[in-house]
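# Summary of structural features
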Amino acid sequence: MNVLAEGFAQQLRRSCSEDWQACVDHRFVHEIFDGTLDDAVLRRYLVQDYQFIDRFVALLGAAIASADEFAPRVRLAQFAAMITSDENTYFLRSFDALGVPQPQRLAPALTQPTLALRQLMHDAAQSLSYANCIAVLAVAEGLYLDWADQDGKKHVPLPARFEHAEWIGLHANDFFRGFVGWLRSELDRVGPQLTDVRRAEAAAYFRQAVALERQFFDHIYD
């Protein structure tokens, strides 16, 4: 492998390949594709995951504000529109199907991995560094593309229940593939422009995000 020929995005991905692959191959992934995911596990997962939306949209806003060009602002704004419409609707429909009461939807007790991921998103947004924001976004979306759209799953029929099938579909479609590819290209574009200190800072955000995503997947089975 010619490491010198790698872009910044691939360097970051390679630096935490063990945690990344553990998420892609996680028990949760296999069970949601098989349609065998226990309702109690899915309920815990969705209730906690829904608590990211506010911080995630704020992170997108910070990336829009700190972007160095107009075109990235447009791309990020388009993605924010999807998060606040299609994905939000999926959560609400799933909560209804799984019998999640209103207090659990809006103000559940937050687990430690959820708190840590929310804090990371907040810190990246507050840094007002475009590279830091894109690094965290590239994990949050890129990791989900990799588990939902992996080669071994592409020809597997989707599970019957919409709670399973639509969560996969939201992260395995042309729009989402295009957005994740764009995030990775943005890391490659801005990476060479960063000072060594700023590049190390963005890399630290990326690696921490991957480690916390693995903890999040693990903890829903506790």
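Coordinates for the structure precede this section.
Here's what I pulled together on the structure shown here.

## Structural notes on the pattern of salt bridges
When the charged atoms of two side chains with opposite charge come close together, those side chains can pair. As enumerated under the stated definition, the model contains 15 salt bridges in all. The partner of Glu6 in a salt bridge is Arg14, with the nearest N and O atoms 3.0 Å apart. Its relative accessible area of 13% is what places Glu6 among the buried residues. Assessed through its relative accessible area of 35%, Arg14 is described here as partly exposed. Arg27 is paired through a salt bridge with Glu31; the nearest N and O atoms lie 2.8 Å apart. Here Arg27 pairs with Glu31, and both are found in helix 3 (residues 27-34), just four residues apart, close to one helical turn. A residue is classified by how much of its surface remains accessible, and Glu31, at 16% relative accessible area, is buried. A single network of salt bridges, built from pairs that share partners, joins Asp68, Glu69, Glu186 and Arg189.

## With respect to helix 12 (residues 196-219)
An α-helical segment advances 3.6 residues per turn. Residues three or four places apart therefore align on the same side. In this model helix 12 runs 35 Å from its N-terminal to its C-terminal C-alpha over 24 residues, within 8% of the 34 Å that 1.5 Å per residue would give. Along helix 12, the residues that are buried comprise Ala202, Ala203, Tyr205, Phe206, Ala209, Val210, Leu212, Glu213, Phe216, Phe217 and His219.

## A few points about the nonpolar core
Grouped together as the largest cluster of nonpolar side chains are 78 residues, with contacts concentrated most on Phe28, Tyr45, Trp147 and Phe206. The element contributing the most residues to this core is helix 9 (residues 130-148), with 15 residues. If we skip the residues at most four places from it in the chain, Trp147 touches Cys23, Val24, Phe28, Val29, Ile32, Phe33, Trp167, Ile168 and Phe217.

Each value, and the rule that gives it
Residues numbered from 1 in each chain as written. Predicted model: local features only at pLDDT ≥ 70, side-chain atom pairs only at ≥ 80, totals over all residues. Heavy atoms only, no water. Salt bridge = Lys/Arg side-chain N within 4 Å of Asp/Glu carboxyl O. Buried < 20%, exposed > 50% of the residue type's maximum accessible area, 1.4 Å probe, protein only. Helix = DSSP H or I, 4+ residues; strand = E, 2+ residues; numbered from the N terminus. Expected span 1.5 Å × (residues − 1). Core = buried A, V, L, I, M, F, W, Y, C linked by side-chain atoms within 4.5 Å. Contact = heavy atoms within 4.5 Å.

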